[in-house]
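Each chain, written out:
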Amino acid sequence: MEIVIGISGASGSAYGIKLLEILAETDIMTHLVITKAAKQIMDIETNYDISYVKGLADAVYDENDFTAPVASGSHRFNGMIVAPCSMKTLGEIAGGMSDNLLGRVADVCLKEKRKLIMMPRETPLNQIHLENMLKLERAGGIILPACPGFYSKPKTIDDLVNSMAGRALDLMGIDNDVYKRWK
């Protein structure tokens, strides 16, 4: 299995990093596309070094590298998780724009009928945000808002991040025991 992890410039880069950490322990090949804005937000929100994050992926591409294998539908990968997904990125993808590699890979997923899981991280939502989410869902994307559950009685922020990472992996069809499930 091969999946792309996209990290865009929304708050919540810990979600994408956690997915990379989990997947680094598997035989699943990971491709990483991280935007310039995401690197800035990651610097503000976390103590992670960008070299550590890049080191978790099997392949890393610059957001402007349209020669990356995952930019083409002929490269057979299983899907993409964008975590977190900024409203800018979500709007561009919903509008069919792909002016960077993250948007292009999402477009490839939609046109090739591959899984595209978007984890938007914004609140409150306005009508444009909601319409873009609906547009993407109708086009075949999966909208997974970064809204962790509390039935597991989380004790740490990591517990909350794990619950969302686990849900994203579930939607991608990847078995995991990252979070406590409802019984």
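Bear in mind the structure is a predicted one, so any value in this text is a computation, not a measurement.

(A) Structural detail: the environment of Leu136. Tracing the chain through its elements places Leu136 in helix H6 (residues 127–138). For the pair Leu136 and Met118, spaced 18 residues apart in the sequence, the C-alpha separation amounts to 9.1 Å. If we skip the residues at most four places from it in the chain, Leu136 touches Leu90, Ile93, Ala94, Leu110, Met118, Gly141 and Ile143.

(B) The packing of aromatic side chains, seen in detail. One pass over the full model with this rule turns up two aromatic pairs. For the pair Tyr48 and Tyr52, a centre-to-centre distance of 5.6 Å together with 10° between the ring planes defines the contact as stacked. Accessibility expressed as a relative area gives 36% for Tyr52, which makes it partly exposed. Note on Tyr151 and Trp182: the rings are 5.3 Å apart at their centroids and 90° apart in plane angle, and the pair reads as edge-to-face.

(C) Focus on helix H5 (residues 101–111). Among the 11 residues of H5, eight are classified as buried, and the element is accordingly described as predominantly covered. Regarding H5, the residues found buried are Leu101, Leu102, Gly103, Val105, Ala106, Val108, Cys109 and Leu110. The N-cap residue of H5 is Asn100: its side-chain oxygen and the backbone nitrogen of Leu102 are 3.1 Å apart. Residue Lys113 follows H5 closely and has a positive phi angle near 60°.

(D) View of the sheet that holds strand E6 (residues 142–143). The parallel open sheet is built from six strands, whose spatial order is E3-E2-E1-E4-E5-E6. Where the open sheet ends on each side, the last strands, each with one partner, are strand E3 (59–61) and E6. The pairing of strand E1 (residues 2–7) with strand E4 (residues 79–85) spans four bridges and is parallel. Paired with Ile3 across the strands is Gly79, a residue of E4. The strands that helix H4 (residues 87–94) touches are E4, strand E5 (115–120) and E6; relative to E5, the one it contacts most, it runs at about 145°.

Definitions and limits used
Residues numbered from 1 in each chain as written. Predicted model: local features only at pLDDT ≥ 70, side-chain atom pairs only at ≥ 80, totals over all residues. Heavy atoms only, no water. Helix = DSSP H or I, 4+ residues; strand = E, 2+ residues; numbered from the N terminus. Contact = heavy atoms within 4.5 Å. Phe/Tyr/Trp six-rings, centres within 6.5 Å; stacked < 30°, edge-to-face > 60°. Buried < 20%, exposed > 50% of the residue type's maximum accessible area, 1.4 Å probe, protein only. Polar contact = N/O pair within 3.5 Å; in protein donor to acceptor, adjacent residues only side chain to side chain. Pairing = 2+ DSSP bridges. Axes fitted to C-alpha atoms, helices over the stretch in contact; angles between N-to-C directions.

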